[in-house]
Amino acid sequence: MAGAMGILVILTLSFFLIPTLYDKNLVQKEIKYQVLKKYKIKIKFNDKISYSLFPKPHFFSKNISIQLNGKNIAKVKKFESYISIKNFFSINKINIKDLVFHKADFSIYKDDLIFFKDLLETEPNINKILIKESKIFFKNENEEIQFINKINNSKIYYDSNNFHNVFVSNNEIYNIPYKLTLKNDEFNKQFFFKFDSKKLRLKIENQASYNDLIKDGLLDISFINKSTSFNYKINQNSFEFLSENKKNDYNGLIDFKPFYLNANFNYDGISLKNAFNDDSIFTDLIKSEILNNKNLNAKININIKDIVNFDELKNLFLKILIEEGNINLSNSNIMWKNDVKITLNESYLYYDGSGINLIGKFLINFDDLNNFYRSFQIKKNSRKKIKKLEINFNYDFNKIKINFDNVKVDSIPNTKLEQYVDDFNKNEIKSLNKIIFKNFVKDFFNIYAG
């Protein structure tokens, strides 16, 4: 009995090891042919091919190239081609199954994106294409890398239940993980798109027809547990969007070449509480340094009538200008009640690796000086007539601490105020709150009057 089992094991292993007897050059040619025929992927072997029995019978090779239109678009450190166990006796009858690309570095230009489009248009089959631990380097015409997309793992397969080709990919860009799902319904000429990032708390879903040159439709977005929808129109060079919500409305235009975003957002009310704490979406976005991309340019205007967690503040106009990695907030302004208009001048938001800082200059114009004095309980003998204040600042969002410098009252420097803000900056109090701020304002005007 034991002898029979031994013979059976030997025969089984011998069967599965038949491919080791194949001419490796013929194997490479057959795999290249089938990969191109089934998946429209042209590969080039730069190293010898080998055979492995475990975990399933497959051929593998190191250092292969993926080619498109006569050029290399990817270098793959390890390639695996799994094969059917049927017809092992004839190399001409080998049938490749799943393909695996390990640690592929794609060098992609805009026109090369057709490679991924072709993958979604392959003929239906039961096999899969896997891409693992890879990177996509997106370049412009000047050979500059615009951004790098890390692929942790991707899978392209045919969903036989819904008759869709599906591309599911877990990625990371600028340290922000996200999941991308694309579905191609070739029969109905429909394309489904889903973007999901838990870190950004952002989910985008869309379904559209790809027959028309200009596509329009309705896009659903879930952002920080709130859902919204907007109408869009997309063509070869631009993307326009317009919100459905008339109360908190927004609109914008994105030009693709070169990339430029111009958008306007209007809100009746919004809370800024914890907007820049460690867990906030804005903190994650800035720390990811995605906004520092020199190829990202944008002009964003945000109007907020009511700051719901600050009774004194209202009518915030935030003007965000992103140019070559700089985040410029100059000419943004906000009202303190109806008494004071505070404008940012020469102001920039930046992340230095340890914390987020806003630097610039406050231009403070008094519309109702007497009411302002009453609000801060300034003594009557300290209520000097002034029109405007100028003061440089550096605000640390992590420490909630602000430093001041270069104080001017009605465009005139003041030595006593300079000494006061120097002492304030040296104070060991690390956190700025309403009480500290109110005391600062009271002492500021008392010293100026004295």
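Because the structure is a prediction, the values reported are computed rather than measured.

Engineer: So what about the nonpolar core? Which residues, and what values?
Structural biologist: One finds I31, I41, I66, F101, F106, F372 and F445 to be the most contacted residues of the largest nonpolar core, which totals 106 residues. For this core, the leading source of residues is strand β5 (residues 96-108), giving six residues. Sequence-distant contacts of F372, defined by excluding residues within four places in its chain, comprise W336, D339, V340, F366, V441 and F445.

Engineer: Now, about the pattern of salt bridges: what can you tell me, with residues and values included?
Structural biologist: Side chains that carry opposite charge are capable of pairing whenever their charged atoms lie near each other. Enumeration over the complete set of coordinates arrives at seven salt bridges. Among the salt bridges present, the one from E143 reaches K139, with a minimum N-O distance of 4.0 Å. A salt bridge links K361 to E390, with the nearest nitrogen and oxygen atoms 3.9 Å apart. One end of the pair, K361, is in strand β22 (residues 356-366); the other, E390, is in strand β23 (residues 388-396), and 29 residues separate them in sequence.

Engineer: Outline the pairing of strand β15 (residues 250-256), listing residues and values.
Structural biologist: When strand β14 (residues 238-243) meets β15, the two strands line up antiparallel, connected through five bridges. When the bridges of β15 are listed, S238 appears paired with D255. Linking two consecutive strands that pair antiparallel, namely β14 and β15, is a turn of six residues. Here β15 runs beside strand β16 (residues 259-270); their pairing, made up of seven bridges, is antiparallel. In the sheet register, L253 faces β16, and the bridge partner there is N262. The turn linking β15 back onto β16 is made up of two residues.

Conventions adopted
Residues numbered from 1 in each chain as written. Predicted model: local features only at pLDDT ≥ 70, side-chain atom pairs only at ≥ 80, totals over all residues. Heavy atoms only, no water. Core = buried A, V, L, I, M, F, W, Y, C linked by side-chain atoms within 4.5 Å. Buried < 20%, exposed > 50% of the residue type's maximum accessible area, 1.4 Å probe, protein only. Helix = DSSP H or I, 4+ residues; strand = E, 2+ residues; numbered from the N terminus. Contact = heavy atoms within 4.5 Å. Salt bridge = Lys/Arg side-chain N within 4 Å of Asp/Glu carboxyl O. Pairing = 2+ DSSP bridges.

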